[in-house]
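Below are the chains, spelled out letter by letter.
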Amino acid sequence: MKRLSDMTLEEKIGQLVMYGKYGEAQQKALAEGRIGSFLNNRGEETQMRQNLALDSPTGIPLIIGDDVIHGFRTIFPIPLALSCSFDLGLIEETCALSAREAAMEGINMIFAPMVDISRDPRWGRVAEGAGEDPYLGSEVARARVRGYQRNDWEDMPKTAACAKHYVAYGAPQGGRDYDGADISERSLREIYLPPFDAAVKAGVMSVMSSFNDLNGIPVSGNERAIRGILRGELGFGGVVVSDWESVEELVNHSIASDGREAARLGFKAGVDIDMNSGVYERYLKELVREGKLTVEEIDQAAGRVLKLKERLGLFGKKRFVMEDARRLSLENLAAKELALKAARESIVLLKNRDLLPLRKGTKLAVIGQLADDRPDMLGCWAGQVEVQESVTVLEGLENLGEEFRYERGCEINSDIEGGIDRAREIASKAQVVLMVLGETSSMSGENRSRADITIPAVQRKLLRSVMEINENVVLVVVSGRPLVLSWEEANVPAILQLWQPGHQAGNALAEILYGIHNPSGKLTLTFPASVGQIPVYYNRKNTGRPLFKKYIDIQDEPLFPFGWGLSYTDFDYEDLALSSGSPKMGEELKVSARVTNRGDHDGSETVMLFVRDVTASVTRPVMELKGFEKLFLEAGQSKNVQFDITGEMLSFLDENLKPALEKGRFEVFLGRNSVEHLKGYFELI
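Residues numbered from 1 in each chain as written. Predicted model: local features only at pLDDT ≥ 70, side-chain atom pairs only at ≥ 80, totals over all residues. Heavy atoms only, no water.

Peer 1: Help me out: how do you make sense of the environment of Q459 in this one?
Peer 2: By the element assignment, Q459 lies in helix α17 (residues 457-469). Setting aside its immediate chain neighbours within four residues, Q459 contacts C410, E411, I412, L437 and G438. (Helix = DSSP H or I, 4+ residues; strand = E, 2+ residues; numbered from the N terminus. Contact = heavy atoms within 4.5 Å.)

In structure tokens form, the structure reads like this:
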């Protein structure tokens, strides 16, 4: 195997080239040692390409990347759903298992986690993130990086996480995927950068540069964003890989006249690996000869790639794929149990007017195409999915021994002849009607923005028609984003947000419906009451006239706020206490309260800590999440919960965008969500 100093310029550039396609040209370049990475191949196909790489003049193995977003063989809930569990340990475990399954089939770079903060549910890729809050998003970023890079095996190469999409990709104008982010420097640093900072601090090995224009300069050609902030300020020393052809797309952004100029701009910005466009392969050598790039710069980028390959344990390996990997993954009972736990904890009870939990033997009608749908339970990035392993809603009910009558009623976006009449007929004879409505998996994810984020019209018509016959409806919402459910919230007695929960969808839902498991999920992305409210989020800032109405034609408040999520039991909060009412700078401060389960069911409750800086030198949000803890309480049990409030929690970026901690009055909120909480005060002196 060649060392960097022994490699030709073409071979060094080859380490900066990644392809998702594989034709004669790629095969020839690979055999000549002029490609360093591939994506979207696995198993024996991967082993064959690794063999070619090892037999090439360089003898250097390949990085093999793949989108392992919420599972590989075992499919877990979409990341937005799983963030609603507020269980960082669980999130980490799902990523660790996904990485192991991927590594068994030759994957060593995982294009996840997506750590983009977003406040716009029209954007389809909210499904892949952790919601609207930068603190929670940062905690989830750390957990996912730890999981993907746990690498607790000896018999296979390791896996590198790839934090994406750097940066502000979650702030597209109009919620339109790939659109520009026109945001302030303060918003960039307070909202969109923190999860990337957290990922870097957690040791993430790679970062993906995004498609989007950031304040006039597309990120994949933005030297200040990549070399200045990511490398210079955040201290990232790993590999930067472009998103799919995002370097060549600098031409479409009109900052490069052609592919040659795009390659120069992307490389100068700090993108080490060009994904799939081929502009590095075609133009970097010429740019060096023209003096527009230097050999030393090529060496630095290629050196980072080779260092990553060394960290992954690729050197010295001959076998990169485990035999029987697929079978071993599918037969892993622990993986199925983890998928079931993840799905259970992700489900959010949005409304319940004493209809849930159902009693065993309830005469049940089930209506909706999505109740008997395998692929659409799996979400927008279903990995190397085994669709037959997906448990439908109907199968979940059957697995509990429950009897029911079923009717599709309509398709997702179209009528079925006589479908509504048949649905009304079975509803008329049922005690409770379970209606499973919403989006298919292809209606969210990349390039799946929606302007109208209601349940599709034909399904809403079905719902209203059935409720004319039987009002005892439990609405189960399947979606990859928050939907506008204003009519449903006003009229349907019980609503469960199922999301797209993965392989164990049906079993998890059935256990929730019948009270075998008490729902504990809480929203990490606000549900708007109208699409006209978007962007709507809890950590907004006050105006100079905070008591004036925001709209004259709709309500000001969102439909369901950040942190919303009901239970089959009642949790009381009392006895809020601060260790000091006037702590000094640098002095320890503790806030505590007592949480009691007053109901008849055991259950889990996520306690949230919010803080507000009442008066500061720059405007501050009305509240900011600063901590959370998930408690399990048996019926009648009480527990004390305590948080330490640190100076870091109270600091902010001043008018010069430098960290500052100022004396003054602070409000503390401790409770179940962003609107229901105990409130206290202290004066920092």
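Right, picking up where we left off after that structure.
Peer 1: Help me out: how do you make sense of the nonpolar core in this one?
Peer 2: The nonpolar side chains of soluble globular proteins are, as a tendency, buried together. Y166, Y280 and L284 are the most contacted members of the largest nonpolar core, which has 91 residues in total. Not counting the four nearest positions on each side in its chain, Y166 is found in contact with L193, F196, V207, M208, S209, S210, V219, A225, I226, I229 and L230. With 47 residues, the next largest nonpolar core counts C410, A430, I455 and V484 among its residues. (Core = buried A, V, L, I, M, F, W, Y, C linked by side-chain atoms within 4.5 Å. Buried < 20%, exposed > 50% of the residue type's maximum accessible area, 1.4 Å probe, protein only.)

Peer 1: Explain helix α19 (residues 505-513) here, please?
Peer 2: Taking burial as the measure, the nine residues of α19 include nine buried ones, the bulk of the element. Listing the buried residues of α19 in full gives A505, G506, N507, A508, L509, A510, E511, I512 and L513. Looking one or two residues beyond α19, the residue adopting positive phi is G515, at roughly 75 degrees.

Peer 1: So what exactly am I meant to see when it comes to the packing of helix α6 (residues 134-148) against helix α8 (residues 194-201) here?
Peer 2: Helix packing geometry: the angle between the two helix axes and the distance between the axes. Taken N-terminus to C-terminus, the directions of α6 and α8 make an angle of 30 degrees; their axes are 8 Å apart at the nearest point. In terms of orientation, α6 and α8 fall into the roughly parallel class. Along this stretch, α6 crosses α8, giving a crossing that reads as right-handed. Two secondary-structure elements touch here, α6 through P134, G137, S138, A141, R142 and V145 and α8 through P194, P195, A198 and A199. Split into classes, the residues belonging to the contact of α6 with α8 amount to seven nonpolar, two polar and one charged. (Axes fitted to C-alpha atoms, helices over the stretch in contact; angles between N-to-C directions. Parallel < 35°, antiparallel > 145°, perpendicular 65-115°, else oblique. Left-handed = near helix turned anticlockwise from the far one by under 90°. Nonpolar A, V, L, I, M, F, W, Y, C, P; charged D, E, K, R; others polar.)

Peer 1: Would you mind going over the sheet that holds strand β14 (residues 432-438) with me for this structure?
Peer 2: Two pairing modes exist for strands in a sheet, parallel and antiparallel, and in both the strands are linked by backbone hydrogen bonds. The strand order β11-β16-β15-β14-β12-β13 describes an open sheet built from six strands, whose pairing is mixed. Both outer strands of the open sheet, β11 (348-352) and β13 (404-407), are each paired with one neighbouring strand and no more. On average, each strand axis in the sheet is tilted by 15 degrees relative to the strand beside it, whichever way the strands run. Judged from the four bridges that link them, strand β12 (residues 364-367) and β14 form a sheet pairing that is parallel. (Pairing = 2+ DSSP bridges.)

Peer 1: Would you mind showing me how to read the pattern of salt bridges here?
Peer 2: Any two side chains of opposite charge can pair if their charged atoms end up close together. A full pass over the atoms with the stated rule returns 64 salt bridges. A salt bridge links K201 to D197, with the shortest nitrogen-to-oxygen separation between them at 2.7 Å. In this pair, K201 and D197 both sit in helix α8, four residues apart, roughly one turn of the helix. Given a relative accessible area of 59%, K201 falls into the exposed group. (Salt bridge = Lys/Arg side-chain N within 4 Å of Asp/Glu carboxyl O.)

Peer 1: Is there a simple way to think about the packing of helix α14 (residues 333-346) against α19 in this case?
Peer 2: Across the interface, α14 lies against α19 with an axial gap of 8 Å and an inter-helix angle of 50 degrees. By the angle between their directions, the pair α14 and α19 is classed as oblique. The handedness of the crossing between α14 and α19 is right-handed. Counted together, L340, A343 and R344 of α14 and N507, A508, E511 and I512 of α19 form the full contact between these two elements. Taken together, the residues of the contact of α14 with α19 sort by class into four nonpolar, one polar and two charged.

Peer 1: Please explain the sheet that holds strand β19 (residues 603-613) as it appears in this structure.
Peer 2: Read from one edge to the other, the open sheet built from four strands follows the order β20-β19-β24-β25, with strand pairing classed as antiparallel. Pairing within the sheet leaves two strands with one partner each, and these edge strands are β20 (624-633) and β25 (677-684). When the angles between neighbouring strand axes are averaged without regard to direction, this sheet yields 20 degrees. Pairing geometry for β19 and β20, over nine bridges, is antiparallel. Residue pairing across strands places V611 opposite E624, the latter belonging to β20.

Peer 1: Looking at this structure, how should I read the packing of aromatic side chains?
Peer 2: Each aromatic ring pair is summarised here by two numbers: the centre-to-centre distance and the angle between the ring planes. Under the definition given, this model contains 14 aromatic pairs. Each ring, one from F86 and one from F628, has its centre 5.2 Å from the other, and the planes form 85 degrees; the classification is edge-to-face. Residue F86 is found in the loop between α4 (79-83) and α5 (88-104), and its partner F628 is found in strand β20; the two are separated by 542 residues along the sequence. With relative accessibility at 15%, the residue F628 sits in the buried group. When the centroid spacing of 6.1 Å and the interplanar angle of 35 degrees are considered together, the rings of F560 and W564 count as tilted. Taking the relative accessible area as the measure of exposure, W564 reaches 18% and is therefore buried. Among the aromatic residues, those joined into a ring-pair cluster are W123, Y169, Y178 and F211. Just above the ring of Y537 sits the side chain of R119; from NZ or CZ to the centre is 3.6 Å. The ring of W487 has R464 lying over it, and the distance from NZ or CZ to the ring centre is 4.3 Å. (Phe/Tyr/Trp six-rings, centres within 6.5 Å; stacked < 30°, edge-to-face > 60°. Lys NZ or Arg CZ within 6 Å of the ring centre and 35° of its normal.)

Peer 1: Any chance you could explain the side chain of Q369 here in plain terms?
Peer 2: By the secondary structure assignment, Q369 is in the loop between β12 and α15 (393-399). Judged by its relative accessible area of 13%, Q369 is buried. In terms of polar contacts, Q369 uses its side chain to reach the side chain of R408, at 3.5 Å. Not counting residues up to four positions away in its chain, the partners in contact with Q369 are Y406, R408, C410, E411, I412 and V436. (Polar contact = N/O pair within 3.5 Å; in protein donor to acceptor, adjacent residues only side chain to side chain.)

Peer 1: What is the right way to look at unusual backbone geometry in this model?
Peer 2: For residues besides glycine, phi is generally negative; the peptide bonds are generally trans as well. The omega torsion of the bond from K164 to H165 falls at -5 degrees, within 30 degrees of zero and hence cis. For H165, the location among the structural elements is in strand β5 (residues 160-166). Put simply, L356 and P357 share a cis peptide bond, and its omega is 0 degrees. For P357, the location among the structural elements is in the loop between β11 and β12. Phi is positive for D324, which is not a glycine, with a value near 60 degrees. Among the secondary structure elements, D324 is positioned in the loop between α12 (295-311) and α13 (325-330). Positive phi values are uncommon outside glycine, yet L657 reaches one of about 60 degrees. Looking at the secondary structure, you find L657 in the loop between β22 (652-653) and β23 (659-660). Judged by its relative accessible area of 25%, L657 is partly exposed.

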